[in-house]
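Examination of the molecular architecture
Listed below are the residues making up each chain.
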Number of protein chains: 2
Amino acid sequence: MNKEDFIIQAFLNKKNGDDGAIVGKWCFSKDLFFENIHFKREWFDLEQIATKAMLVNISDAIVMNAKPKYALLGLALPKNLSEDEIVILQKGFLKTASQFDIEIIGGDTISNDKIDISITIISKLNGKAVFRKGLKPGHLLAYTGDLGGGLEGLNTLQNGGILSLDHVFIKPRLRPDFFYELAPYISCAMDISDGLSKDLSRLLKQNKCGISWFESLSDNILYSGEEYEILFAFDEKEYENIANIAKKHQVKINVFAKAVKGKYEFSGKEHHF
Amino acid sequence: MNKEDFIIQAFLNKKNGDDGAIVGKWCFSKDLFFENIHFKREWFDLEQIATKAMLVNISDAIVMNAKPKYALLGLALPKNLSEDEIVILQKGFLKTASQFDIEIIGGDTISNDKIDISITIISKLNGKAVFRKGLKPGHLLAYTGDLGGGLEGLNTLQNGGILSLDHVFIKPRLRPDFFYELAPYISCAMDISDGLSKDLSRLLKQNKCGISWFESLSDNILYSGEEYEILFAFDEKEYENIANIAKKHQVKINVFAKAVKGKYEFSGKEHHF
């Protein structure tokens, strides 16, 4: 067991172990976005840092089928950040909050040796929550969009290259409207943050399922993290409904496998830099 | 304006600028507890780190007159922390959560170069919220307990000394039962985290009040941070009720000044190490 899994295990109860925690009609989610862990300063400008920090958190709410309403910001910022720089950082938070109709209602700010951001998103369920749990043998497994951009972007940056402003590694592409319409027809979902292979292994393990692949996926697809595309599953009889919703929202759906009785062990590389 | 005030200002709206944010019957609060900013590893064992991280967050909920229900933990932990060490850290979180009847429902865990903790506490209001706003000229200003221990503890540690396990710097003393009973009789409150002088200046500024001192307080009292005693104010006519509640809970109340028309400028040192 790796250390993150060990820690999650230690705190496990019926509410956690998902992208967000559901309490009544509310969904609470919290993700950390730390310098030199999730980003390097030479890769992102300050507005991009704040924007991505918000988006990876909003992504958790969306895949639970919840609409973000409020945010708390925990900001650990170096003392040498100027007021002008803080204003640029704010711009990223405020613009993204406004795009998703989120009100920033509080948080905490401290001095630190680097930019470490912790965000809590408070969301309201849009109907029934979608959990990681719910997969049954026979359900089809699918992911949205194209995978591989996260890894490709990371490699480019690590080799000194530059990414376009709208590259998925800089600014994840979320699909709220599509997902809210999709939600009633699927059995489980999670966002792909650690790579399809790793996240899939979590989904299968939690649901005690194995997998029957329809095709062999490339390493680029399997081991690309920070995609924020959506991994989900559904009963075959919902195929047409789902295809129609995907078409309406112009979202590409890749049905790549079927859940089966059995178990799946993750054996690939994890996404880290 | 210092940088923290500048940032708070930039995000200011009607819900923030308080210890917690109120949404309906809920109170949301979030505080960071970072290594080398709030604590040093040689000062605290791992259980004490987790315990204090929880307590400083729970304190925010209490002074809003809210009862903590759920917590989200953001844990940034060094890779070299062993599983045994993680279990000790967990013990601090779990024991404190259980003492306050809090369920840990989620969060995020990442690798980092040091132990940086971010906690979100989700609380339910116990009647009406108590805000920082509400102070009027004529109200009496008071604080609970004895101040000075935070500064004295910090000095001892910085000079290589050791503190007892129950020292206020190691384990803040919270007063939930007292405060929940006190709440209906007071006009405003906040916990003393940055020192009475600094926190008082925030309270007075937010309420556009000045101060008339009853006595001259020592630097030890004025500039001692991380006390988590409670600064509050009340109309003189509530004096007897408040004295009775304090007596019942054996809490010392220090009435040290009266709010007046005018303004108060903070001119002392801030609490940092």
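Residue numbers restart at each chain and count upward from 1, following the sequence in its written direction. To label them, take the chains in the order written and letter them from A, then take the ligands in the order written and number them from 1. Residue-level local features of this predicted model are given only where pLDDT is at least 70; pairs of side-chain atoms are given and counted only at 80 or more, and the full residue set underlies all totals for whole chains, interfaces and linings. Hydrogens and water are ignored here; the side-chain numbers use all heavy atoms of the structure.

Under the scheme used here, helices are H or I runs from DSSP no shorter than 4 residues and strands are E runs no shorter than 2 residues, and both carry numbers assigned from the N terminus. Along chain A, the regular secondary structure elements total eight helices and ten strands. Throughout, the radius of gyration refers to the C-alpha atoms, and the reference size of a globule is 2.2 Å times the residue count to the power 0.38. Whereas a compact globule of 273 residues would reach a radius of gyration of roughly 19 Å, chain A reaches 18 Å, a difference of no more than 12%. Seen through its principal axes, chain A has C-alpha atoms that stretch 55 × 45 × 40 Å. Each residue is assigned to one of three classes by its accessible area relative to the maximum for its type, calculated with a 1.4 Å probe on protein chains only: buried under 20%, partly exposed between the two thresholds, exposed over 50%. Considering chain A as a whole, with its 273 residues, one finds that 61% of them fall into the buried category. In this analysis, two residues are considered to be in contact whenever any of their non-hydrogen atoms come within 4.5 Å of each other. Long-range contacts, defined here as pairs at least 24 residues apart, represent 87% of the contacts in chain A between residues at least 6 apart. By element, 49% of the accessible surface of chain A is carried by carbon and sulfur atoms, the whole surface being about 11,500 Å². Charged residues are defined narrowly, with Lys and Arg counted positive, Asp and Glu counted negative, and His plus the chain ends left uncounted. Taken as the charge location is NZ of Lys, CZ of Arg, CG of Asp or CD of Glu. If the 34 positive side-chain charges of chain A are averaged to one point and the 37 negative ones to another, these points end up 7 Å apart. Working definition of accessibility: Shrake-Rupley area with a 1.4 Å probe, residue cover restricted to the visible protein chains.

It is worth spelling out the domain arrangement of chain A at this point. All names here are of chain A. Each assigned domain of chain A is listed here: domain 1 (3–125) and domain 2 (139–261). The domain limits used here are those given by an automatic or database domain assignment. The gap between the C-alpha centroids of domain 1 and domain 2 is 21 Å. In this assembly, 22 residues from domain 1 lie in contact with 23 residues from domain 2. What gets called buried area is simply the loss in accessible area from a 1.4 Å probe that two parts show on being joined, summed for both. Together domain 1 and domain 2 conceal approximately 2,000 Å² of surface at their shared face, both sides included; 59% is due to carbon and sulfur atoms. Put simply, a salt bridge is a Lys or Arg side-chain nitrogen that is within 4 Å of an Asp or Glu carboxyl oxygen. Between the two partners, domain 1 and domain 2, sit one salt bridge.

Moving on, we come to the environment of Phe100(B). All names here are of chain B. Within the secondary structure, Phe 100 is located in the loop between α3 (83–99) and β4 (103–111). For the pair formed by Phe 100 and Pro 68, sequence separation is 32 residues and the distance between their alpha carbons is 7.1 Å. Excluding residues within four positions of it along the chain, Phe 100 makes contact with Leu 55, Ile 58, Ile 62, Pro 68, Leu 174 and Pro 176.

As a further point, take the interface of chain B and chain A. At the interface, 55 residues of chain B touch 55 residues of chain A. Interface area for chain B against chain A, summed over the two sides, is near 4,600 Å², with a carbon-plus-sulfur share of 66%. For the purposes of these results, a polar contact is taken to be a pair of N or O atoms within 3.5 Å, where, inside protein, one atom must be able to donate a hydrogen and its partner to accept one; residues adjacent in sequence count only when each atom of the pair is a side-chain atom. Across the contact surface, chain B and chain A share ten residue pairs in polar contact (both at pLDDT 80 or more). Take the side of chain B that touches chain A: its biggest share by element is nine residues, from β4(B).

This paragraph deals with the pattern of salt bridges. On inspection of all chains with the given rule, the structure shows 22 salt bridges over all chains. Through salt bridges with shared partners, a single ionic network connects Glu47(A), Lys91(A) and Lys95(A).

Below, the discussion takes up the UniProt feature "binding site: Mg(2+) 2" (unreviewed entry) in chain A. UniProt positions are given in the numbering used here, feature names are shortened, and annotations may be inferred rather than shown by experiment. Look at the UniProt record and you will see "binding site: Mg(2+) 2" (unreviewed entry) annotated at Asp31(A) and Asp60(A). Look at the named residues: they lie 30 residues apart in sequence, but the longest C-alpha span between them is just 8.5 Å, so in the fold they bunch up. With respect to the helices and strands, Asp31(A) occurs in strand β2 (residues 26–34). Taking the relative accessible area as the measure of exposure, Asp31(A) reaches 14% and is therefore buried. Not counting residues up to four positions away in its chain, the partners in contact with Asp31(A) are Val56(A), Asn57(A), Asp60(A), Ile117(A), Ser118(A), Ile119(A) and Asp108(B).

Before going further, it helps to examine the sheet that holds strand β4 (residues 103–111) of chain A. Residue and element names in this part refer to chain A. One open sheet holds the five strands; their spatial order is β1-β2-β5-β3-β4, and the pairing between them is mixed. Sheet topology places β1 (21–23) and β4 at the edges, where each strand pairs with a single neighbour. Strand-to-strand twist in this sheet, taken as the mean axis angle between neighbours without regard to direction, amounts to 20°. In this sheet, strand β5 (residues 116–125) lies alongside β2 in antiparallel orientation, the contact comprising nine bridges. Residue pairing in the sheet places Lys 30 in a bridge with Thr 120 of β5. By the convention used here, strands pair only if DSSP detects at least 2 bridges between them. What counts as an axis is a line fitted to C-alpha atoms, over the stretch in contact for a helix, and the angles between N-to-C directions run from 0 to 180 degrees.

Put simply, the second copy of the chain is the first one after a rotation about an axis and a shift along it. The fit set for superposing copies consists of C-alpha atoms from residues with pLDDT of at least 70 in both; the fit itself is least squares. Expressed as a screw transformation, the operator carrying chain B onto chain A has a rotation angle of 180° and an axial translation of 0.0 Å, and the superposed copies differ by an RMSD of 0.0 Å. In short, the pair behaves as if placed about a two-fold rotation axis. With an isologous cut-off of 70% or more, the 100% of interface residues of chain B that recur at the interface of chain A puts this contact in the isologous class.

Here is the rule: rings of Phe, Tyr and Trp (six-membered ring for Trp) pair when centre to centre is within 6.5 Å. Planes less than 30 degrees apart are stacked, more than 60 are edge-to-face, and the remainder are tilted. Overall, the coordinates contain 20 aromatic pairs over all chains when judged by the stated rule. Ring centres of Phe28(A) and Phe28(B) lie 5.8 Å apart, and the angle between their planes is 55°; on these two criteria the pair is classed as tilted. Pair noted here: Phe28(A) is in strand β2 and Phe28(B) is in strand β2 (residues 26–34), and the two residues belong to different chains. The buried category is assigned to Phe28(A), whose relative accessible area is 1%.

In this section: the side chain of Asp191(B). Residue and element names in this part refer to chain B. Note on placement: Asp 191 falls in strand β7 (residues 188–191). Buried charge without a salt bridge: Asp 191, with Arg 132 as the nearest opposite-charge side chain at an N-O distance of 5.2 Å. Among the polar contacts made by the side chain of Asp 191, one reaches the side chain of Ser 59 at a distance of 2.6 Å. With residues up to four places along the chain from it excluded, the contact list for Asp 191 reads Asp 19, Val 56, Ser 59, Asp 60, Val 63, Asp 199, Tyr 228 and Glu 229.

Attention shifts here to helix α4 (residues 149–158) of chain B. All names here are of chain B. Those residues of α4 that fall on the buried side of the exposure criterion are Gly 149, Gly 150, Leu 151, Gly 153, Leu 154 and Leu 157. On the buried face of α4, the contacting elements are α7 (219–222). Directly beyond the C-terminal end of α4, a positive phi value near 85° is found at Gly 160.

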